[in-house]
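This is what each chain is made of:
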Amino acid sequence: MTRTSLRRGWTTGACATAALRAALSRLWGGEWPDPVTIRLPRGETPSFALSHRAEGADWAEAGIVKDAGDDPDVTHGALIVTRVGPSPGGVLFRAGEGVGTVTKPGLPVPPGEPAINPVPRAMMEETIADLAARYGRRGDVTVTISIPGGEALAARTWNPRLGILGGLSILGTTGIVRPFSCAAWIASIHRGIDVARATGLSHVAGCTGATSEAAIRALHGLPVEAMIDMGDFVGGMLKYLRRHPVSRVTVGGGFAKMAKLAQGGTRSPFWAFAGRYGASGRLGGRSRPGRGADRPGPARGGRAGCGPSRGRRGPGPCRGSAGGHGPGRCRRRGPAGPHPGAGGPMILLLAGTAEARRLAEALARRGIPAMASLAGVTRAPAPLPLPTRIGGFGGDAGLAAFLDAHPVRAVIDATHPFAARITARVHAVCGRRGLPLLRLERAPWGPGEGRISVADEAEAIGLIPPDAVVLLTTGRQSLPAWAGLRAARVHLRVIDPPDPGAAPFPFPGGWEVARPPFTEAAERATLRRLGVTHLVAKDSGGEEGRTKLDAARALGIPVLLIRRPPVPPGLATVATVEDALAWAEALPVLPGPSVAVPRP
């Protein structure tokens, strides 16, 4: 039998943004782009065919039929219509037919607002800013989104119990629908708990399906808002409740699923549980005091440190150096304790970004076994709250050898959005091994007021006049790509000063040595001190780096933003630390001989 990958689709937020771009292009520019192309938060540029268009004296609207790919999405085939018109000031969002309104606290959007989530709002606001700059308009736009038949569809979703009334939500964090997404389900569980707590409920119930939900409601007389459709993700629900507690929790399900939970499983489908205990597993075991049943225990017969260990990939030391490690160097004891090579299955976190640091802190707080890896580009990186190795792996073979030597159960790639070679290598190696892989990549800034999107350094060079004073914030390794730049002065910002004996700076100007984070005031002072007329940056996204863009806008300095490379096709990607943490918490428990198993 030939295996085929499941086809991905597009979120309601992506469809609404594309429809907005088409309608606003007509209203301001007199043209209907069809198909219409948008840029998603992680840099992809899909095109959408228009299925509906209409206009009046001061308004225009466009509609796009949502394609959810192979995901069983209730909104698949729905028409997403966006109407644009003037507003008294700024961007105003309105709920049209079939789009819900938030009525309860606890959601990312406050009560009274249309159910348009923050990321789709940001995508549409950036699109408006881009078109306003192109057509010389003010960005004062009223955006009304409609989904004909959406109120009937919403009855088949969680919206009614979340207090979203009148229709569907406009959702999406990446713009992409990934078939049968675990992270999306767990995020819905979290929102249900948030609403229950915000409305003052002290008793919630997680159920595996409609039958158990009906039984629990009849037994306890709970309102529908207290019911959490946890499906197979009891672990994801309970872990979130541990951090966001209520007075009483009930878990309901059929006998078989409850038996698996009694044995210590945090996910109830058979494939995530089969073989965990083998022939000796018995129902009714008790987890050891102080340790959850799904938490890996200490290595049996091992020792703290980096010597030989035994995990699900079999025995073997860390390879390649006198201490047993592969390429790079390892801190044998990090802030979170000994190197996990002697422990149970762990997550390998490829770090180097602010999001990676936040995720490392979250993993450490949750007690999720993990190890961080830094490429070693920065000479003195700030320590992470996880055991950390520093240095490259040594290509595909080196990464494969590292995975052989350590009990890695999953990999999270949270490297820089422009670390394309690292991401491609990890995707290829994990794909060959069948190892779960997630890409954590923050949303890009994208074009906007004073920002010009360019494909690469060559396109940027063509837009910089010879009398310009340029500040490059694209990193030391990008310097060869600027060889053709002709400008009065060029400054390149770096974290570490150049090595003694390094080649001289190739332009009039010099190195600008400074370590982030930078405040907007500090960025304005730097731009004034250097007399900068053009700022060049990679479209890395994130709040920490945005201060230089805000400073340039305040001073009227144009910014050339180099678009980020696309991620490999089929690579599961999230844009927030919260989604990455939910993915990590939903991973099936895969203990090897080194994991303590509950016994009767």
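Residues numbered from 1 in each chain as written. Predicted model: local features only at pLDDT ≥ 70, side-chain atom pairs only at ≥ 80, totals over all residues. Heavy atoms only, no water.

Caption draft 1: Structural context of the side chain of Lys548. The residue Lys548 is located in helix H14 (residues 546-555) in this model. Notably, Lys548 is buried but unbridged: the nearest opposite-charge side chain belongs to Glu523, and the N-O separation is 5.5 Å. Once residues lying within four places of it in the same chain are set aside, the contact partners of Lys548 are Trp445, Thr473, Arg493, Glu523, Leu535 and Ala537. (Helix = DSSP H or I, 4+ residues; strand = E, 2+ residues; numbered from the N terminus. Buried < 20%, exposed > 50% of the residue type's maximum accessible area, 1.4 Å probe, protein only. Lys, Arg positive; Asp, Glu negative; His and termini not counted. Salt bridge = Lys/Arg side-chain N within 4 Å of Asp/Glu carboxyl O. Contact = heavy atoms within 4.5 Å.)

Caption draft 2: Molecular detail of unusual backbone geometry. The omega angle of the peptide bond from Asp34 to Pro35 is 5 degrees, so this bond is cis rather than trans. Examined against the element boundaries, Pro35 turns out to sit in the loop between helix H1 (12-29) and strand S2 (36-37). Here the amide bond leading from Pro516 into Pro517 is cis, since omega sits at 5 degrees, within 30 degrees of zero. Looking at the element boundaries, Pro517 is found in the loop between strand S28 (509-513) and helix H13 (520-530).

Caption draft 3: Representation of the pattern of salt bridges in the model. Inspection of the entire model under this criterion finds 26 salt bridges. Across the salt bridge formed by Lys104 and Glu225, the nearest N and O atoms sit 3.0 Å from each other. One end of the pair, Lys104, is in the loop between strand S8 (101-102) and helix H2 (118-135); the other, Glu225, is in the loop between helix H6 (210-220) and strand S13 (227-229), with 121 residues separating them in the sequence. Taking the relative accessible area as the measure of exposure, Lys104 reaches 17% and is therefore buried. Looking at Glu225, the relative accessible area reads 22%, which means it is partly exposed. Arg121 is the salt-bridge partner of Glu113, the closest N and O atoms lying 3.2 Å from each other. Overall, the relative accessible area of 30% leaves Glu113 in the partly exposed class.

Caption draft 4: Structural detail: the side chain of Arg439. Structurally, Arg439 can be placed in strand S24 (residues 437-440). Among the residues examined, Arg439 registers a relative accessible area of 0% and is labelled buried. At 3.0 Å, the side chain of Arg439 and the side chain of Glu441 are in polar contact. With residues up to four places along the chain from it excluded, the contact list for Arg439 reads Asp413, Ala414, Thr415, His416, Pro417, Thr423, Val567, Leu571, Ala572, Thr573 and Val574. (Polar contact = N/O pair within 3.5 Å; in protein donor to acceptor, adjacent residues only side chain to side chain.)

Caption draft 5: Region of the structure containing the pairing of strand S27 (residues 489-494). Within S27, five of the six residues are buried, leaving the element largely enclosed by the surrounding structure. Here strand S26 (residues 469-472) pairs with S27 via four bridges, running parallel. Its bridge partner lying in S27, Val470 is registered against Val490. Judged from the five bridges that link them, S27 and S28 form a sheet pairing that is parallel. Residue His491 lies in a different strand from S28, and its bridge partner there is Gly510. (Pairing = 2+ DSSP bridges.)

Caption draft 6: The arrangement of the packing of aromatic side chains in detail. Enumeration over the complete set of coordinates arrives at four aromatic pairs. Between Trp10 and Phe48, the aromatic rings sit 5.7 Å apart at their centres with planes inclined by 65 degrees, giving edge-to-face as the arrangement. Placement of Trp10 in strand S1 (residues 9-10) and of Phe48 in strand S3 (residues 47-48) is noted, with a sequence separation of 38 residues between them. Taken individually, Trp10 and Phe48 each receive the classification buried, so the pair is uniform in this respect. Aromatic rings pair up to connect Phe505, Phe507 and Trp511 into one cluster. The ring of Phe402 has Arg389 lying over it, and the distance from NZ or CZ to the ring centre is 5.4 Å. The ring of Phe518 carries the charged tip of Arg493 above its face, separated from the ring centre by 4.2 Å. (Phe/Tyr/Trp six-rings, centres within 6.5 Å; stacked < 30°, edge-to-face > 60°. Lys NZ or Arg CZ within 6 Å of the ring centre and 35° of its normal.)

Honestly, that's just the spatial picture; any functional story needs more than this.
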